[in-house]
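Chain by chain, the residues run as shown.
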Amino acid sequence: MSPLARRLAQGIRVDGPLTVAQFMAAALFDPKDGYYATRPAIGAEGDFLTAPEASQMFGELVGLWCVQSWIEMDRPDALQLIELGPGRGTLMADIARAARVDPGFQASAQLSLVEISPPLKRLQAETLAKVGAAPRWIARLEEAAPGPCLILANEFLDCLPIRQFVRADASWRERLVGLDPDDPERLCFGLGGALPQSGVISMIPPPLADAPDGALVAFAPGLPALIDAIAARLNSAPGRALLIDYGAPRSEPGDTLQALRRHQKVDPLESAGEADLTAHVDFGAVRRLARASGVEVAGPVAQGAWLGSLGIELRAQALAQKRPERADSLAAQLRRLVDPQEMGTLFQAVCLSTRGLPPPAGFPQ
Ligand code: SAH
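Cut-offs used in this document
- Residues numbered from 1 in each chain as written.
- Predicted model: local features only at pLDDT ≥ 70, side-chain atom pairs only at ≥ 80, totals over all residues.
- Heavy atoms only, no water.
- Near = heavy atom within 4 Å.
- Polar contact = N/O pair within 3.5 Å; in protein donor to acceptor, adjacent residues only side chain to side chain.
- Areas by Shrake-Rupley, 256 points an atom, 1.4 Å probe, with all protein chains shown as cover.
- Nonpolar A, V, L, I, M, F, W, Y, C, P; charged D, E, K, R; others polar.
- Helix = DSSP H or I, 4+ residues; strand = E, 2+ residues; numbered from the N terminus.
- Contact = heavy atoms within 4.5 Å.
- Pairing = 2+ DSSP bridges.
- Axes fitted to C-alpha atoms, helices over the stretch in contact; angles between N-to-C directions.
- Expected span 1.5 Å × (residues − 1).
- Buried < 20%, exposed > 50% of the residue type's maximum accessible area, 1.4 Å probe, protein only.
- Arc of directions from axis to C-beta.
- Core = buried A, V, L, I, M, F, W, Y, C linked by side-chain atoms within 4.5 Å.
- Phe/Tyr/Trp six-rings, centres within 6.5 Å; stacked < 30°, edge-to-face > 60°.

When you look at the site of the ligand in this model, what are you seeing that I'm missing?
Thr50, Gly85, Gly87, Glu115 and Asn154 are the nearest of the 19 residues found near the ligand. Here a nitrogen atom of the ligand and a backbone polar atom of Asn154 are 2.7 Å apart. If the ligand stood free it would expose 570 Å²; the protein chains cover 93% of that surface. Tallied by class, residues from the shell around the ligand come to eleven nonpolar, five polar and three charged.

Looking at this structure, how should I read the side chain of Thr50?
Along the chain, the position of Thr50 falls in the loop between α3 (35-38) and α4 (51-54). Once residues within four sequence positions are removed from consideration, Thr50 is found in contact with Ile42, Asn154, Glu155 and Met343.

Sorry, what's going on with the pairing of strand β8 (residues 183-195) here?
For a regular strand, the rule is simple: side chains alternate between the two faces of the sheet. With eight bridges joining them, strand β7 (residues 171-180) and β8 adopt antiparallel strand pairing. Bridge pairing links Trp172 to Leu195 in β8. Where β7 hands over to β8, the hairpin turn is made up of two residues, counted between the paired strands.

Teacher, can you tell me more about the packing of helix α5 (residues 56-72) against helix α14 (residues 327-338) here?
Describing two packed helices takes the angle between their axes plus the distance from one axis to the other. Where α5 contacts α14, the two axes come as close as 9 Å, and the packing angle between them is 65 degrees. Mapping the contact onto sequence places Gln56, Met57 and Phe58 in α5 and Leu330, Gln333, Leu334 and Leu337 in α14. Each residue belonging to the contact of α5 with α14 can be placed in one class, and the counts come to five nonpolar, two polar and no charged.

Could you clarify how one ought to interpret helix α1 (residues 3-15) in this entry?
An α-helix turns once every 3.6 residues. As a result, residues three or four positions apart point the same way. With 13 residues, α1 ought to run about 18 Å at 1.5 Å a step, and its terminal C-alpha atoms sit 18 Å apart, in line with that. Within the span of α1, buried status applies to Leu4, Ala5, Leu8, Ala9 and Ile12. Around the axis of α1, the buried residues are gathered within 140 degrees of arc, so they sit on the same side. Elements in contact with the buried residues of α1: β1 (18-19), α2 (20-29), β7 and β8. Phi turns positive, to about 95 degrees, at Gly16, one or two residues after α1.

Looking at this model, I keep getting lost on the nonpolar core. Mind explaining?
Nonpolar side chains tend to gather and get buried jointly when the protein is soluble and globular. Counting residues in hydrophobic clusters, the biggest one holds 59 residues, and the most contacted among them are Phe23, Ile230, Leu243, Val286 and Leu352. For this core, the element with the highest residue contribution is helix α10 (residues 223-236), accounting for seven residues. Once you skip the residues sitting within four places of it in the chain, Ile230 turns out to touch Leu141, Ile151, Ala241, Leu243 and Leu352. Membership of the second largest hydrophobic core comes to 48 residues, among which are Trp65, Ile95, Tyr246 and Phe347.

Please explain the pairing of strand β10 (residues 239-248) as it appears in this structure.
With ten of ten residues buried, β10 is to be regarded as a mostly interior element. Alternating residues of β10 divide into Gly239, Ala241, Leu243, Asp245 and Gly247 and Arg240, Leu242, Ile244, Tyr246 and Ala248, and every residue in both groups is buried. As paired strands, strand β5 (residues 149-154) and β10 are joined by six bridges and run parallel to one another. Bridge pairing in β10 links Cys149 to Gly239. Sheet topology note: the β10/strand β16 (residues 347-353) ladder contains seven bridges and is antiparallel. Following the sheet pairing, Tyr246 is matched in β16 by Phe347.

What is the right way to read α14 from this model?
The end-to-end C-alpha separation of α14 is 16 Å, in line with the 16 Å expected for twelve residues at 1.5 Å each. Those residues of α14 that sit buried are Leu330, Gln333, Leu334 and Leu337. Seen from one end, α14 has its buried residues packed into an arc of 100 degrees, which puts them on one side. Here the buried face of α14 lies against α4, α5, α12 (303-309) and α13 (312-322).

Would you mind going over the environment of Leu160 with me for this structure?
Summarising the element assignment, Leu160 is placed in the loop between β5 and β6 (163-168). On the basis of relative accessibility, which here comes to 14%, the residue Leu160 falls in the buried class. Residues Leu160 and His280, spaced 120 residues apart in sequence, show a C-alpha to C-alpha distance of 9.7 Å. Sequence-distant contacts of Leu160, that is, excluding residues within four places in its chain, are made with Met24, Ala220, Gly222, Leu223 and Leu226.

How do you make sense of the packing of aromatic side chains when you look at a structure like this?
Two descriptors summarise a pair of aromatic rings, namely the distance from one centre to the other and the angle between the planes of the rings. As enumerated under the stated definition, the model contains six aromatic pairs in all. Centre to centre, the rings of Tyr35 and Tyr36 are 5.2 Å apart; their planes meet at 80 degrees, and the pair counts as edge-to-face. Comparing Tyr35 with Tyr36, the two get one shared label, buried. For the pair Tyr246 and Phe347, a centre-to-centre distance of 5.3 Å together with 20 degrees between the ring planes defines the contact as stacked. Of this pair, Tyr246 sits in strand β10 while Phe347 sits in strand β16, and the two are 101 residues apart along the sequence. Among the residues examined, Phe347 registers a relative accessible area of 7% and is labelled buried.

Treat this as a map of the structure, not an account of what it does.
In structure tokens form, the structure reads like this:
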């Protein structure tokens, strides 16, 4: 067991079991032993590979999408370009390079990064300095300067801690992290008591309210506040938020909690703090919350289809023509991003927009 798992077990002995969200928050963000505080390792050499790390084409197309959105917003003089969870800064650096096609966009964009991890902040500063970009770091979206904005988040929502509930005898029980009865040094999953309907109803996705016995459903307690904060901005000035992540287009039951270390699935309890820990995003919940907050919602659409309609194949061909020695590697990157066996359908893109803006590029109307 990891040092953090041992420490959590000691706490549970005194204070009782944790919700899955409390466990996930500790595993990711504990200031002493949490994964993002101590050892985030994104990329081919690290624990997990994200789309911008897989290929420059991803960030280039997102960059052109940003320029197009700025044009559709009537070219505001000052645009807040805000990224949530920028990782190594690769996506923002590729956006900055691609956006050189429009000096007006470049002059108007002011970069703000919402990042919790001190080591990743340092990497972001290094990566962005190489493309001449000088971002500002903020602790929360609400701290970004007001006005027209584009908000980007790739593989950020999957880090939001989730609570999990299991349907049993027509009521709901919460899945908890407690101590293994056979080995009280170890953590194990268990179930809490039956919850009163009034206590749990706001957390069960409405389409799953009548799920059959045994169904497991998830709720991210941080999601409503995040969507509200995004909507508050989009309702007060023109803007869009592009959210890309892995997850189902509709609310579905199922346990998607997953710990990854060096690209291998590992036990989330044993590896607390030493592996990345994520859960699939419930895009059905994202849509419902966004609609209720008064913004327009496009998608979700599968990442492969979205990148396809933005012209990723042409981009791959153009790059391969310039650098024929890279043709095989570019073909592999393209497959990685769009193939249904790889990231193409597992990942979804959704766009929240200020009412009245034209439909965003890449989303079917
Ligand atoms: N977008 C990047 C990185 C994804 S990993 C990419 O696609 O490569 C998740 C990122 O979100 C990391 O940068 C992590 O430190 C950050 N993060 C996760 N939860 C956060 C939170 N609550 N507040 C701020 N940053 C967070």
